[in-house]
Amino acid sequence: MLIADIMTLVVPPVTELLRRSRTGDGTAGAQPMFPTIIAIRNERVVAAVSTPRMAATLSCAQTLAVGLGAEALVLAAEAELDGTPALTYSVMTRERHAKYVLQEITGEGAATRFSVPVDGGDPANGGILAALAAGLSQRPIHVTQVARTGSDTSGTFGDAPFLPAEQGRVVVDAGTVRTLQERVQGIGGRAVYIARSPEAAQLALDAGMPRACLVNTLA
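Basis of the calculations
- In every chain, residue numbers begin from 1 and rise along the written sequence.
- Under the rules for a predicted model, residues below a pLDDT of 70 receive no local features and side-chain atom pairs below 80 are neither given nor counted, while totals for whole chains, interfaces and linings still include all residues.
- Hydrogens and waters are ignored; side-chain quantities use all the structure's heavy atoms.
- Helix numbers and strand numbers start at the N terminus; a helix is a DSSP run of H or I with at least 4 residues, a strand a run of E with at least 2.
- The globule rule used here is 2.2 Å times the number of residues to the 0.38 power, and the radius of gyration it is set against is calculated over C-alpha atoms.
- Note on classification: 1.4 Å probe, protein chains only; a residue is buried when its accessible area is under 20% of the maximum for its type, exposed when over 50%, partly exposed between these limits.
- In these tables, accessible area is a Shrake-Rupley quantity obtained with a 1.4 Å probe, and a residue counts as shielded only by the protein chains included in the view.
- If DSSP finds at least two bridges between two strands, the strands pair.
- The predictor attaches a confidence to each residue, and that confidence, scored 0 to 100, is pLDDT.

1. Brief notes about the overall build of the protein chain
Then, number 1: Each helix and strand counted, the protein chain has six helices and eight strands in total.
Then, number 2: Secondary structure elements of the protein chain, listed N to C terminal, follow the sequence α-β-β-α-α-β-β-β-β-β-α-α-β-α.
Then, number 3: Whereas a compact globule of 219 residues would reach a radius of gyration of roughly 17 Å, the protein chain reaches 18 Å, a difference of no more than 12%.
Then, number 4: Projected onto its principal axes, the C-alpha coordinates of the protein chain cover approximately 70 × 40 × 30 Å.
Then, number 5: Here the protein chain holds 219 residues, and the buried ones make up 45% of them.
Then, number 6: Accessible area of the protein chain: about 10,800 Å², with a carbon and sulfur share of 53%.

2. Details of the pairing of strand β1 (residues 36-41)
Then, number 1: The buried fraction of β1 amounts to six of the six residues, a majority that puts the element mostly inside the structure.
Then, number 2: As paired elements, β1 and strand β2 (residues 44-50) share six bridges and run antiparallel to each other. Bridging across to β2, Ile 37 finds its partner in Val 49.
Then, number 3: From the end of β1 to the start of β2, which pair antiparallel, there are two residues, and Asn 42 there has a positive phi angle of about 55°.
Then, number 4: Here β1 pairs with strand β3 (residues 72-81) via five bridges, running antiparallel. Counterpart to Thr 36 in the pairing with β3 is Ala 76.

3. Considerations on the pairing of β3
Then, number 1: Examined bridge by bridge, β3 and strand β4 (residues 84-93) share ten bridges and lie antiparallel to one another. The residue of β4 that forms the bridge with Ala 72 is Thr 93.
Then, number 2: Linking two consecutive strands that pair antiparallel, namely β3 and β4, is a turn of two residues; a positive phi of about 55° is found at Asp 82 within it.

4. Some remarks on the confidence of the model for the protein chain
Then, number 1: The share of residues in the protein chain with pLDDT of 70 or more is 92%, and the mean pLDDT across the chain is 90.
Then, number 2: The least confident element of the protein chain is helix α1 (residues 3-23), whose mean pLDDT is 92; the most confident is β1, at 98.

5. What to know about unusual backbone geometry
Then, number 1: Here Glu 43, not a glycine, exhibits a phi torsion of approximately 60°, which is positive.
Then, number 2: In this structure, Glu 43 sits in the loop between β1 and β2.
Then, number 3: On the accessibility criterion, Glu 43 (59% relative accessible area) is exposed.
Then, number 4: Non-glycine residue Asp 82 carries a positive phi angle of around 55°.
Then, number 5: When you line up the elements, Asp 82 lands in the loop between β3 and β4.

Put into structure tokens, the structure is as follows:
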């Protein structure tokens, strides 16, 4: 995927995520947006993990890359550049195409506004892109080798022992997101999954994904 296409996918939900964090959700007051790592696959946002700690969020890169077969990872975070609030995006693709993007923020609360994202040059923390690259260097799980459950194997003799690839993909996704949620929930983090269809959403739930992790949009 091209970096420009990736940014088109991630900027709208990230800016909405920040806007909501600043206005509060009715139960909690305004607070900073947690550092969020986003997984892109098949030209759409598939999953994301947000935690209050940059290091904890970044530690999810390899699990997202391997478990979800992510084609690109984006680390989005709030920052302050020369006294101006901003969003930063660290983008890395599996082909090692990288970009650091900045987006200035003006206004407060519901009046928050965002500039057009621009090239940020060399990032202040090059270790973020290195961590994303390290995660994406790992080989993804092979989804054609997901075994059927016991109830699935009671059919006609000769039935294939493995799920079709598209179903295996969702089952692996579900296990990956469940693992991430268990890892980050103790520090107030959250893993979310955006299913490609209602059928895929139900399959993910059947495969053990927590219902709270299944959302319609990142924000």
